[in-house]
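# Fold and geometry: a report
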Amino acid sequence: MSEMRLIVAGAGGRMGRALIRAITESSGAVIAGALESPNSPLLGEDSGVLAGLPANGVKLSSDLWELSAHADGILDFTVPAATIANVAIAAQRGIVHVIGTTGLSASDDAVIRSVTNQAVVVKSGNMSLGVNLLAAMVKRVAQALDDSFDIEIVEMHHKAKVDAPSGTALLLGEAAAAGRNIALSERSARGRDGVTGARRAGDIGFASLRGGTVTGDHTVIFAGPQERIELTHKAEDRMIFANGALKAALWARGRSPGLYSMADVLGLGDASS
Ligand SMILES: NC(=O)C1=CN([C@@H]2O[C@H](COP(=O)(O)OP(=O)(O)OC[C@H]3O[C@@H](n4cnc5c(N)ncnc54)[C@H](OP(=O)(O)O)[C@@H]3O)[C@@H](O)[C@H]2O)C=CC1
Ligand SMILES: O=C(O)C1=N[C@H](C(=O)O)C[C@H](O)C1
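Keep in mind it's a predicted model, so treat the numbers as computed, not measured.

Counted at 1.5 Å a residue, the expected span for helix 6 (residues 129-144) with its 16 residues is 22 Å, and the 23 Å between its end C-alpha atoms agrees. Looking only at helix 6, the buried set comprises Val131, Asn132, Leu134, Ala135, Val138, Lys139, Val141 and Ala142. On its buried face, helix 6 sits against strand 7 (150-157), helix 7 (167-180), strand 10 (216-224), strand 11 (227-235) and helix 10 (262-266).

Further remarks concern the domain arrangement of the protein. Entries for the protein in the domain assignment read domain 1 (4-123) and domain 2 (129-235). Placing a centre on the C-alpha atoms of domain 1 and another on those of domain 2 gives a separation of 29 Å.

So, on to the side chain of aspartate 76. Relative to the elements of secondary structure, aspartate 76 occurs in strand 4 (residues 73-76). A polar atom in the side chain of aspartate 76 sits 3.0 Å from the side chain of threonine 83. If near-sequence neighbours (up to four positions away) are discounted, aspartate 76 is found in contact with Ala9, Thr83, Asn86, His97, Val98, Ile99, Gly100 and Thr101.

Let's shift gears to the site of ligand 2. The environment of ligand 2 is made up of Thr102, Gly125, His157, His158, Lys161, Ser166, Gly167, Thr168, Thr215, His218 and Phe241. Take threonine 102: an N or O atom from its side chain is 3.5 Å from an oxygen atom of ligand 2. The contact in question runs from an oxygen atom of ligand 2 to an N or O atom on the backbone of glycine 167, over 2.8 Å. When grouped by side-chain class, the residues that make up the shell around ligand 2 number 1 nonpolar, 9 polar and 1 charged.

For the rest of this paragraph, the subject is the site of ligand 1. Neighbouring ligand 1 are 21 residues; Arg14, Met15, Glu36, Thr102 and Met127 lie closest to it. In this structure, a nitrogen atom belonging to ligand 1 sits 3.1 Å away from a main-chain N or O atom of glycine 100. Here an oxygen atom of ligand 1 and a side-chain polar atom of threonine 102 are 2.5 Å apart. With the chains in place, 76% of the 920 Å² that ligand 1 exposes on its own is no longer accessible. Class assignment for the residues of the shell around ligand 1 results in 6 nonpolar, 12 polar and 3 charged.

With that settled, consider the packing of helix 6 against helix 7. Interaxial distance between helix 6 and helix 7 falls to 7 Å at its minimum, and their mutual angle equals 30°. It follows that helix 6 is roughly parallel to helix 7 by the angle criterion. Where helix 6 crosses over helix 7, the handedness of that crossing is right-handed. Between helix 6 and helix 7, the contacting residues are Val131, Asn132, Leu134, Ala135, Val138, Lys139, Ala142 and Gln143 on the first element and Thr168, Leu171, Leu172, Ala175, Ala176, Ala178, Gly179 and Arg180 on the second.

The next thing to look at is the pairing of strand 2 (residues 29-35). Walk down a regular strand and you will see the side chains alternate between the two sheet faces. Along strand 2, 5 of the 7 residues are buried, which leaves the element largely enclosed by surrounding structure. In terms of strand pairing, strand 1 (residues 4-9) meets strand 2 through 6 bridges, oriented parallel. Across the sheet, residue isoleucine 7 finds its bridge partner in strand 2, namely glycine 33. After leaving strand 1, the chain enters helix 1 (residues 14-25) and then returns to the sheet as strand 2, a path that is right-handed. Pairing between strand 2 and strand 3 (residues 60-61): 2 bridges, direction parallel. Among the inter-strand pairings, leucine 35 is bridged to a residue of strand 3, identified as serine 61.

Quick notes on the rules
Residues numbered from 1 in each chain as written. Chains lettered and ligands numbered in written order. Predicted model: local features only at pLDDT ≥ 70, side-chain atom pairs only at ≥ 80, totals over all residues. Heavy atoms only, no water. Helix = DSSP H or I, 4+ residues; strand = E, 2+ residues; numbered from the N terminus. Expected span 1.5 Å × (residues − 1). Buried < 20%, exposed > 50% of the residue type's maximum accessible area, 1.4 Å probe, protein only. Contact = heavy atoms within 4.5 Å. Domains from an automatic or database assignment. Polar contact = N/O pair within 3.5 Å; in protein donor to acceptor, adjacent residues only side chain to side chain. Near = heavy atom within 4 Å. Nonpolar A, V, L, I, M, F, W, Y, C, P; charged D, E, K, R; others polar. Areas by Shrake-Rupley, 256 points an atom, 1.4 Å probe, with all protein chains shown as cover. Axes fitted to C-alpha atoms, helices over the stretch in contact; angles between N-to-C directions. Parallel < 35°, antiparallel > 145°, perpendicular 65-115°, else oblique. Left-handed = near helix turned anticlockwise from the far one by under 90°. Pairing = 2+ DSSP bridges. Right-handed = clockwise from strand over helix to strand, strands pointing away.

Structural data, given as structure tokens:
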């Protein structure tokens with residue numbers, strides 16, 4: 001099969017630059033476009049140079065309709081409003097849409113789901129192998145323990161991160177809820193402050209720390225009577241997410257329309273999303 005022609009959305013951002021590097025270093029894909037916000041001062045800059053590589057001739061543009069005329073897929077790590085705008089264009093063009101953007105609302109998720117009867121979308125709050133394996137383990141442990149074990153999820157990220165809890169924390173929360181056979185939306189405890197009252201049995205708690213340059217740390221704590229299990233993942237480099245996203249795009253090419261997760265891509269069943 002020919003090399004997959006991929007557009008990188010948010011090409012001037014932290015993940016965008018890692019994605020440009022991942023595609024450049026791969027053998028199965030080429031960069032077909034580099035998308036940025038219409039207000040970006042980086043428009044017209046070379047995407048290779050921005051990623052710390054030799055110039056590749058692919059300049060940053062804000063016109064996805066034009067870029068997608070000659071592409072097979074888009075890797076999208078941007079902001080919710082941009083991702084939702086990209087969903088419609090990717091579906092109309094019939095190209096694979098890999099969505100890594102976090103902080104999406106329930107109504108954003110509904111928009112994404114609405115195109116997946118005609119479009120191929122892979123979406124995950126974390127594209128790394130390690131976190132998706134962790135999610136499978138969390139689901140298994142949650143299945144084995146009753147609610148005398150309190151589940152708390154702690155995450156830490158760099159100081160520029162704008163959403164909380166992280167997409168990964170929510171993914172791990174969904175895995176724990178699936179293991180317990182409960183709906184996370186009804187049982188999550190977020191943003192405790194002041195006189196909160198005692199912890200409600202069966203809730204899944206979230207705590208977010210921000211500071212420095214932390215790429216992404218997540219711990220799921222199962223705190224029981226007189227003992228505690230902690231499952232941790234520490235991301236050391238954004239290339240783990242970029243390589244995962246690239247793998248997802250290559251896997252998705254030619255698939256039937258639908259909404260897929262990294263658990264599908266990695267063959268981990270329904271372990272995570
Ligand atoms: N699922 C996963 O595995 C991972 C997900 N993420 C998520 O990816 C997202 C991006 O993270 P990160 O790279 O650190 O953030 P950055 O802020 O560094 O990058 C986001 C980029 O998107 C650009 N952007 C904004 N609006 C548009 C638009 N309309 N069209 C195209 N580009 C646009 C921004 O431009 P400007 O600055 O000019 O606004 C910026 O360059 C976050 O939601 C993050 O949580 C991150 C890592 C892994
Ligand atoms: O914003 C980030 O940096 C990250 N975002 C994702 C998240 O919200 O979980 C994935 C990773 O942890 C890095």
